[in-house]
Amino acid sequence: MAFLAASTMVKCLAASGEGSCQATQLGKYNDVVKDTRESGIEFGDLPGFTRTVYERDHALVTPESRVWTGLQGWKNTIGAHFVSPAMMSTHFTMYLAKMGEESSAGMPPNGAERFVFVVQGVAEIQVQGKTIRLEEDHYAYFPPDLPHEITSTTGAVLHINERIYSVPHSSDVDKRPEFLHGITEEQPVLPVPGEIFVLRKLLPQTPEYDFNIHVMDFEPGEFLNVKEYHYNQHSLLLLQGQGIYRLGENWYPVQAGDVIWMGAYVPQWYCALGKQRSRYILYKDTNRDPLFEYGKSFQ
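Residues numbered from 1 in each chain as written. Predicted model: local features only at pLDDT ≥ 70, side-chain atom pairs only at ≥ 80, totals over all residues. Heavy atoms only, no water.

1. Side note on the sheet that holds strand S18 (residues 242–247)
Short version of the rule: Pairing between two strands is assigned when DSSP locates at least 2 bridges connecting them. Runs of E in the DSSP output that reach at least two residues are strands. Runs of H or I that reach at least four are helices, and both are numbered from the N terminus. Only the contacting stretch of a helix is used when fitting its axis, a line to C-alpha atoms as for every element, and angles between N-to-C directions run 0 to 180 degrees.
Across the sheet, three strands lie side by side as S19-S18-S21; this open sheet has antiparallel pairing. Edge positions in the sheet fall to strand S19 (250–255) and strand S21 (268–273), since each has one partner strand and no second. Along the sheet, successive strands turn relative to each other by an average axial angle of 20°, direction set aside. Where S18 and S21 come together, six bridges link them in antiparallel fashion.

2. Notes on the pairing of strand S12 (residues 148–152)
Threshold: Buried residues are those whose accessible area, probed at 1.4 Å on protein chains only, stays under 20% of the maximum for their type, while exposed residues exceed 50% and partly exposed ones sit between those limits.
Burial along S12 is one-sided: the residues His148, Ile150 and Ser152 are buried and none of Glu149 and Thr151 is. Note that strand S7 (residues 92–104) and S12 share two bridges and pair antiparallel. Note on S12: the bridge partner recorded for Ser104 is Thr151. In the sheet, strand S9 (residues 123–127) pairs with S12 via four bridges, with the strands oriented antiparallel. What sits directly across from Gln126, in S12, is Glu149.

3. Let's talk about the side chain of Thr93
So the rule is basically this: Should any heavy atoms of two residues lie within 4.5 Å, those residues are counted as being in contact.
With respect to the helices and strands, Thr93 occurs in strand S7. In this structure, Thr93 is in contact with His81, Val83, Ser84, Pro85, Ile160, Asn161 and Glu162, ignoring residues within four places of it in sequence.

4. Some points on the sheet that holds strand S22 (residues 278–285)
One open sheet holds the seven strands; their spatial order is S3-S4-S20-S17-S22-S16-S15, and the pairing between them is antiparallel. At either margin of the open sheet sits one strand with a lone partner, and together these are strand S3 (53–54) and strand S15 (198–201).

5. A look at the nonpolar core
Applied cut-off: Here, nonpolar core refers to any group of buried Ala, Val, Leu, Ile, Met, Phe, Trp, Tyr and Cys residues whose side-chain atoms link them within 4.5 Å.
The biggest cluster of nonpolar side chains holds 33 residues, and the ones touching the most others in it are Phe115 and Leu237. When residues in this core are grouped by element, the largest group, four residues, is from strand S6 (residues 75–83). Discounting residues that sit within four places of it in the chain, Leu237 has contacts with Val32, Met94, Leu96, Val119, His159, Gly257, Asp258, Val259, Arg279, Tyr280 and Ile281. Residues Leu199, Phe218, Trp269 and Tyr270 belong to the second largest nonpolar core, which totals 22 residues.

6. Let's talk about the environment of Glu228
Position of Glu228 among the secondary structure elements: in the loop between strand S16 (211–218) and strand S17 (234–240). Relative accessible area serves as the criterion here: at 22%, Glu228 is assigned to the partly exposed category. Distance in space between the C-alpha atoms of Glu228 and Val266 is 8.1 Å, their sequence separation being 38 residues. Setting aside anything within four residues of it in sequence, one finds Glu228 in contact with His234, Val266, Pro267 and Gln268.

7. A word on unusual backbone geometry
One non-glycine residue with positive phi stands out, namely Asn76, at about 55°. Among the structural elements, Asn76 can be located in strand S6. Assessed through its relative accessible area of 13%, Asn76 is described here as buried. Phi is positive for Asp145, close to 65°, though the residue is something other than glycine. Structurally, the position occupied by Asp145 is in the loop between strand S11 (138–142) and S12.

8. Let's talk about the confidence of the model for the chain
Let me state the cut-off plainly: pLDDT measures the predictor's confidence residue by residue and takes values from 0 up to 100.
Put simply, the chain has an average pLDDT of 89, and 85% of its residues get 70 or more. Here residues 1–8 is a poorly scored stretch, pLDDT under 50, and it has 22 contacts once near neighbours within four places are set aside; other chains count. Under a pLDDT of 50 for its full length, residues 14–18 has, in the predicted model, nine contacts with residues more than four places off or in other chains.

9. Things to note about the packing of aromatic side chains
Spelled out, the test is: For Phe, Tyr and Trp, where Trp contributes only its six-membered ring, two rings pair if their centres lie within 6.5 Å, and the inter-plane angle classes them as stacked under 30 degrees, edge-to-face over 60, or tilted in between. Note on criteria: charge over ring means Lys NZ or Arg CZ within 6 Å of the ring centre, with the direction from the centre no more than 35 degrees off the ring normal.
Under the defined criterion, the tally for this structure stands at 18 aromatic pairs. Pairing Tyr141 with Phe211 gives two aromatic rings, centres 6.0 Å apart and planes at 65°, and the pair type is edge-to-face. Placement of the pair is Tyr141 in strand S11 and Phe211 in strand S16, with a sequence separation of 70 residues. Since its relative accessible area comes to 1%, Phe211 is described here as buried. Three or more aromatic residues joined by ring pairs form one cluster here, namely Phe92, Tyr141, Tyr209, Phe211 and Tyr283. When the ring centre of Trp68 is taken as reference, the NZ or CZ atom of Lys98 above it lies at 4.5 Å.

10. Considerations on the side chain of Glu162
Stated formally: Counting of polar contacts relies on pairs of N or O atoms within 3.5 Å, with two restrictions inside protein: one atom must be capable of donating a hydrogen and the other of accepting it, and residues adjacent in sequence are counted only when both atoms are side-chain atoms.
With respect to the helices and strands, Glu162 occurs in strand S13 (residues 156–164). Looking at Glu162, the relative accessible area reads 10%, which means it is buried. There is a polar contact of 2.9 Å between the side chain of Glu162 and the side chain of Tyr95. Setting aside residues no more than four positions away along its own chain, Glu162 makes contact with Phe92, Thr93, Tyr95, Pro108, Pro109, Glu113 and Arg114.

Right, dumping it as structure tokens:
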């Protein structure tokens, strides 16, 4: 009973997966999906206004712009895609999936790997003959073409990244990524020389993995020391707090529930503001030579 009081149950209103899902209980990341976050300002008084921005090398997607629809192969679930190869030179997807009661997930495309992070609620995964319960702040990584099932009895909100696995071009890498799952708070805090934020990495830092997932915490007033510029692409979901994100020459106020896409070589910087810790979950390309990773994309 104590768990139910701290979690979120999600109810889909249409059995086909089209329509809306509503959160009926609260979790610590409630600001990501609560109904009032999608209205934000009183948009009825500002017709056509949105904070959402799409540029050549970055995007900010705010909750009032989310478009929910059915997901192929999923049951009693709706999803909203924020990042996909439909954007300029992007090779991964990032989306939220609202699973209703008695719901289930479809498989990713052939050759695609999948990372799942539970924002709210409870899901179960069936993989390699085991059943594993995933609660808020739990996560799982599925290597390409690994048979698995994701189900929810009471409802869940999932943050998902998927991409076609990039085979290493080095003959020194003879391993392939393996299934794993974990809990965010149980991962070690890693050193960040010259920085003051708290960093956890949810995937192994070994060459068979072609991306990693970072969870980064900032107290109010803390900021990135390095004004970053690199080939690695990012997706980012702000789970808690608020602040200012610089992307290129633009400075964006951001808050929990906002999603950011950062393309290759866009200058980027963050400062946490307000009265609450900022936490975001971030996808990052790793362990691949950009000549092979991006060469065909720009031809």
